[in-house]
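# Understanding the architecture of this molecule
Listed below are the residues making up each chain.
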Amino acid sequence: MIDGLLFCSIVFFAGLVRGVCGFALGLLGVSFLTNLIDFHVAIALIALLQPIATSILLFHYRQSFNFQEVIPIAICSFIAVPLGVIASDKIDDRLVLDLLGFIIIFYALYSWFTPRLPEVKAPGWGYFAGLTSGFFSGAYNSCGPPLIMYANSSQWDPQEFKSNIQGVRIFSMILAVVAHGFNHDLTSEVWKLLIPGIPSVCLGVGAGIFLSKYLNPEIFQKVVLVLLLVMGVKMFF
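Residues numbered from 1 in each chain as written. Predicted model: local features only at pLDDT ≥ 70, side-chain atom pairs only at ≥ 80, totals over all residues. Heavy atoms only, no water.

### Focus on the state of the cysteines
Here is the rule: Sulfur atoms of two cysteines make up a disulfide when they are within 2.5 Å. Burial classes follow relative accessibility: with a 1.4 Å probe on protein chains only, a residue under 20% of its type's maximum area counts as buried, one over 50% as exposed, and anything between as partly exposed.
Throughout the structure, instances matching the rule amount to zero disulfides. Distance from the sulfur of Cys-202, which forms no disulfide, to the nearest cysteine sulfur (Cys-8) is 12 Å. Residue classification places Cys-202 among the partly exposed residues on the basis of a relative accessible area of 28%.

Right, here's the structure in full:
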């Protein structure tokens with residue numbers, strides 16, 4: 001038997017960070033939940049909770065959603081998900097993850113110590129971010145870092161940042177749920193944990209949205225960079 005209060009607290013905290021920053025539910029949720037439940041159960045559970053958290057944020061920040069910019073990136077991400085699934089069995093996982101980790105860490109540190117990053121305007125970078133995001137989503141269930149780096153370099157305000165990221169990721173998240181279903185990962189244990197998981201993540205995201213109102217854009221960007229740095233380091237383990 002798992003500790004129900006601890007489980008709900010972990011999901012709530014992961015949802016809270018997601019509400020504040022617009023990402024990191026998977027990073028925090030899986031990292032902490034694996035101390036309570038099986039790794040594959042945690043992955044499948046978070047895959048089910050992701051679209052719920054994403055839908056809440058997308059609805060709340062719908063007025064900041066840039067449809068024209070996001071849709072092409074989302075299509076690229078969606079197309080690349082199956083490529084990642086196929087490639088996951090054919091490439092050296094350790095080499096790719098180490099390389100991605102190095103790039104993320106370098107970007108986070110460079111952005112932290114650079115007073116103002118040059119704004120990315122060429123649409124090609126957005127398509128590239130979508131493709132790499134979808135690829136890593138299919139291969140390693142980690143679609144966030146490439147997209148977050150692009151969003152941060154685009155200098156979107158916090159509301160647009162969170163709204164646009166959800167708009168891109170919602171498609172790959174739904175596809176991930178379908179893939180878990182075909183792979184028979186959605187076991188009875190996952191569905192049982194989903195019952196307390198849904199209200200916990202919803203409350204967490206709601207609390208995060210509330211707290212984010214008190215973060216100025218500079219602090220928000222620093223929080224994003226810290227989480228990116230944590231993601232980069234985690235790629236090596």
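### Section: the nonpolar core
As a reminder of what qualifies: Here, nonpolar core means buried Ala, Val, Leu, Ile, Met, Phe, Trp, Tyr and Cys residues that are tied together by side-chain atoms lying within 4.5 Å of each other. Each helix is a run of H or I in the DSSP string that is no shorter than four residues. Each strand is a run of E no shorter than two, and both are numbered from the N terminus. By definition, residues are in contact when any of their heavy atoms lie within 4.5 Å.
Ranked by internal contacts, the top residues of the largest apolar core, which has 58 residues, are Phe-23, Leu-33, Leu-45, Ile-148, Phe-161 and Leu-228. Looking at which element gives the most residues to this core, the answer is helix H3 (residues 39-60), with ten residues. Apart from residues no more than four positions distant in its own chain, Leu-228 is found in contact with Ile-104, Tyr-107, Ala-108, Pro-145, Ile-148 and Met-149.

### Considerations on the side chain of Gln-50
If you trace the backbone, Gln-50 turns up in helix H3. Judged by its relative accessible area of 9%, Gln-50 is buried. Those residues in contact with Gln-50 that sit more than four places away from it in its chain are Arg-18, Leu-25, Gly-26, Arg-169 and Met-173.

### Examining helix H1 (residues 4-21)
What counts is decided by this rule: Any helix carries an expected span of 1.5 Å times its number of residues minus one. Polar contacts, as counted here, are pairs of nitrogen or oxygen atoms within 3.5 Å of one another; within protein the pair requires one atom able to donate a hydrogen and one able to accept it, and residues that are adjacent in sequence qualify only if both atoms are side-chain atoms.
Taking 1.5 Å per residue as the helical rise, H1 with its 18 residues ought to reach 26 Å, and the 26 Å between its terminal C-alpha atoms agrees with that figure. Where H1 is concerned, the buried positions are Phe-7, Ile-10, Val-11, Ala-14, Gly-15, Leu-16, Val-17, Arg-18, Gly-19, Val-20 and Cys-21. Where H1 is buried, its residues contact helix H2 (25-33), H3, helix H8 (158-182), helix H9 (188-212) and helix H10 (217-234). Put simply, Asp-3 is the residue that caps the front of H1, since its side-chain oxygen is 3.1 Å from the backbone nitrogen of Leu-5. Within two residues after H1, Gly-22 carries a phi angle of roughly 95°, on the positive side.

### A few points about the confidence of the model for the protein chain
To keep it simple, the criterion reads: Think of pLDDT as the predictor's per-residue confidence, scored from 0 to 100.
With 91% of its residues at a pLDDT of 70 or more, the protein chain has an overall mean of 83. The secondary-structure element of the protein chain with the lowest mean pLDDT is helix H5 (residues 93-113), recorded at 76, while H9 shows the highest, at 95.

### Some words on the environment of Ser-212
For Ser-212, the position within the fold is in helix H9. Separated by 45 residues in sequence, Ser-212 and Gly-167 have C-alpha atoms that sit 19 Å apart.

### Remarks on the environment of Asp-185
Inspection of the secondary structure assignment puts Asp-185 in the loop between H8 and H9. Placed 145 residues apart in sequence, Asp-185 and His-40 show a C-alpha to C-alpha distance of 7.4 Å. Residues within four places of Asp-185 in sequence aside, it is in contact with Ala-44, His-180 and Val-190.

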